[in-house]
Amino acid sequence: MSTQRTQRPRRAAITGIGVIAPNGQRTDAYWKSVSEGIGVLDRITREGCGHLPLRVAGEVRSFDATALIEDRFLVQTDRFSHFAMAAAALALDDAGLGSGDPAEPFSIGVVTAAGSGGGEFGQRELQKLWGQGPRFVGPYQSIAWFYAASTGQISIRSGFKGPCGVVASDEAGGLDSLAHAAGAVRRGTDTMVVGAAEAPLAPYSMVCQLGYPEISTVEDPALAYRPFTSKACGFVPAEGGALLVVEDETRARERGVPVRATLAGHAATFTGASRWEESREGLARAIRGALDEAGAAPEDIDVVFADAMGVPEADRAEALAIADALGAHGKRVPVTAPKAGFGRAHCAAPVLDTVAAVLSMEHGQVPPTPNVFDICHDLDLVMSRARPAELRTALVLSRGLMGSNAALVVRRGGESAR
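In short, a report on the structure. (Residues numbered from 1 in each chain as written. Predicted model: local features only at pLDDT ≥ 70, side-chain atom pairs only at ≥ 80, totals over all residues. Heavy atoms only, no water.)

## What to know about the overall build of the protein chain
Of the regular secondary structure elements, the protein chain holds 14 helices and 15 strands. Here the protein chain has a C-alpha radius of gyration of 20 Å; the compact-globule value for 418 residues is 22 Å, and the two agree. Taking the principal axes of its C-alpha atoms as reference, the protein chain extends roughly 65 × 55 × 35 Å. For the protein chain, the residues scored as buried account for 61% of the 418 residues in total. Counting contacts in the protein chain only where the partners sit at least 6 residues apart, residues at least 24 apart contribute 79% of the total. For the protein chain, the computed accessible surface area is about 15800 Å², with 51% contributed by carbon and sulfur atoms. Averaging the positions of the 41 positive and the 48 negative side-chain charges in the protein chain gives two centres separated by 2 Å. (Helix = DSSP H or I, 4+ residues; strand = E, 2+ residues; numbered from the N terminus. Rg over C-alpha atoms; globule rule 2.2 N^0.38 Å. Buried < 20%, exposed > 50% of the residue type's maximum accessible area, 1.4 Å probe, protein only. Contact = heavy atoms within 4.5 Å. Areas by Shrake-Rupley, 256 points an atom, 1.4 Å probe, with all protein chains shown as cover. Lys, Arg positive; Asp, Glu negative; His and termini not counted. Charge placed at Lys NZ, Arg CZ, Asp CG, Glu CD.)

The following block contains the structure:
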């Protein structure tokens, strides 16, 4: 790394996007579904789940891990890591980095966020333990369920030896992981592979989620997840996720690859589990902190990608937090929640929202919020169809069931602070 490069300010640029989501297993398919407001929520079809009260989710169907990932990785990893490895490969290809051995392995790091871990793998091995005995439990049980598994497997598979980590900070960890990667780039790491993927639809994982009162148990897919409406009844979980390539903007331009967006500002707070009224202040503080780091005024925000918990108290707190932080602009800025059409994938949800924000800025469209037609909050929520708009700066919001709050400001490629 040259002395000149280390002396000038470094900006974290998004140059690659990889998506494995219920509504699209590549970025173009994901955007088509999001921009058209297509809903894919449906009855859960996973084996062993039929007797559970959680009936509707966003499933990644027709996902063939064997066609995308080598056998030696499949045998030691869970479905959530399969999603992550597949999405990482797509992101690296999109960034023009490919999947071969990197020329400078210590210049590339990996950071992911995870909330549910490897529930399917863990359940299978525990069933062997209690049904057949300890000798039938495989050695990879010790690592496949672990939250850090995806970070480790992505780095091993690609030969990356730069700074690696895992963020465990609730659903908002998806945004926190992006901030972690941006910080690594600013401190001197050339490239980070970052994001989140979840697979919370195994029976064991679903039973764990049923302890959250915010989970929707409505059986009609069209009614199960309707944030910001008087009929809000909780959120619908989803599997899948997204990985991004984030690198030094100058290095990206030297490589001749497009800078799709820059990570301009982030902040996080904590207000406690299910304390939705208190999350108003916590989220507002996070928004202000993200704006300050980005050097942005409230009026600079062109679109807000909402957390959209789908719980009346939580939705009200979010609407008020947006107004508190953005002032009068908070009532007129377009707000959207595409995840209402495919589910809330825990830590991966805000990463998928960040992808949608980048694509929205590229295409000049604010995507709609599916299944929502009658909002009961003072927001300019985009519904029914996409809204054309000149988008330079997006605000992405996230809150976790355990009380984390985070906000991220993303700028369109080529934009700078106004």
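## Brief notes about the side chain of Thr 354
By the secondary structure assignment, Thr 354 is in helix 14 (residues 348–363). Within the structure, Thr 354 has its side chain in polar contact with the backbone oxygen of Pro 350 (distance 2.8 Å). Apart from residues lying up to four places away in sequence, Thr 354 is in contact with Leu 175, Leu 178, Leu 244, Val 396, Leu 408 and Val 410. (Polar contact = N/O pair within 3.5 Å; in protein donor to acceptor, adjacent residues only side chain to side chain.)

## Focus on helix 14
The end-to-end C-alpha separation of helix 14 is 22 Å, in line with the 22 Å expected for 16 residues at 1.5 Å each. Most of helix 14 is tucked away: 14 of the 16 residues are buried. One or two steps after helix 14, the chain reaches Gly 364, where phi turns positive at roughly 65 degrees. (Expected span 1.5 Å × (residues − 1).)

## A closer look at the packing of aromatic side chains
Inspection of every chain in the model, using the stated rule, returns two aromatic pairs. Between the aromatic rings of Tyr 30 and Phe 342, the centroid separation amounts to 5.8 Å while the plane-to-plane angle is 75 degrees, which identifies the pairing as edge-to-face. Separated by 312 residues along the polypeptide, Tyr 30 in helix 2 (residues 27–35) and Phe 342 in the loop between strand 10 (334–336) and helix 14 bring together distant segments of the chain. With respect to burial, Tyr 30 and Phe 342 carry one shared label: buried. A cation over an aromatic ring shows up here: Arg 344 above the ring of Phe 235, its NZ or CZ 5.4 Å from the ring centre. (Phe/Tyr/Trp six-rings, centres within 6.5 Å; stacked < 30°, edge-to-face > 60°. Lys NZ or Arg CZ within 6 Å of the ring centre and 35° of its normal.)

## Considerations on the sheet that holds strand 4 (residues 108–113)
Working definition: the strands of a sheet are paired by backbone hydrogen bonds and lie parallel or antiparallel to each other. Strand order in the open sheet made by the eleven strands is 5-4-6-7-1-8-15-14-9-10-12, with mixed pairing throughout. Where the open sheet ends on each side, the last strands, each with one partner, are strand 5 (164–167) and strand 12 (380–381). Alignment of strand 1 (residues 12–20) against strand 8 (residues 261–270), held across two bridges, turns out to be antiparallel. Its bridge partner lying in strand 8, Ile 14 is registered against Ala 261. The sheet strands contacting helix 8 (residues 149–158) are strand 4, strand 5, strand 6 (191–198) and strand 7 (240–248), and the helix crosses strand 4 at an angle near 155 degrees. Across the sheet, helix 13 (residues 312–326) is in contact with strand 9 (303–305) and strand 14 (393–399); its angle to strand 14 comes to roughly 140 degrees. (Pairing = 2+ DSSP bridges. Axes fitted to C-alpha atoms, helices over the stretch in contact; angles between N-to-C directions.)

## Remarks on a nonpolar patch on the surface
Nonpolar side chains collect at one region of the surface, where Trp 145, Phe 146, Tyr 147 and Val 166 lie side by side and expose about 350 Å² of accessible area between them. Position of Phe 146 among the secondary structure elements: in the loop between helix 7 (141–144) and helix 8. With a relative accessible area of 40%, Phe 146 lands in the partly exposed category. (Patch = residues over 30% accessible without salt bridge, like charges linked within 9 Å, V, L, I, M, F, W, Y side chains within 5 Å. Salt bridge = Lys/Arg side-chain N within 4 Å of Asp/Glu carboxyl O.)

## Some details on the pairing of strand 15 (residues 404–412)
Strand residues, when the strand is regular, have side chains that alternate between the two faces of the sheet. Judged by how many residues are buried, strand 15 sits mostly within the fold: nine of nine residues are covered. Side chains Ser 404, Ala 406, Leu 408, Val 410 and Arg 412 project from strand 15 onto one buried face, and the interleaved Asn 405, Ala 407, Val 409 and Arg 411 project onto a second face that is buried too. For strand 8 and strand 15, the ladder comprises nine bridges, and the chain directions are antiparallel. By the bridge assignment, Leu 263 is partnered in strand 15 with Val 410. Strand direction decides the pairing type here: strand 14 and strand 15, joined by seven bridges, are antiparallel.

## A short note on unusual backbone geometry
A positive phi is found at Asp 170, a non-glycine position, where the angle reads about 75 degrees. In this fold, Asp 170 is placed in the loop between strand 5 and helix 9 (173–187). You can call Asp 170 buried: its relative accessible area is 18%. Phi is positive for Phe 228, which is not a glycine, with a value near 70 degrees. The exposure class of Phe 228 is buried, given its relative accessible area of 1%.

## Remarks on helix 12 (residues 276–294)
The first and last C-alpha atoms of helix 12 sit 26 Å apart over 19 residues, in line with the 27 Å expected at 1.5 Å per residue. Regarding helix 12, the residues found buried are Trp 276, Ser 279, Gly 282, Leu 283, Ala 284, Ala 286, Ile 287, Ala 290, Leu 291 and Ala 294. Where helix 12 is buried, its residues meet strand 8, helix 13, strand 14 and strand 15. Positive backbone phi, at 65 degrees, marks Gly 295, one or two positions downstream of helix 12.

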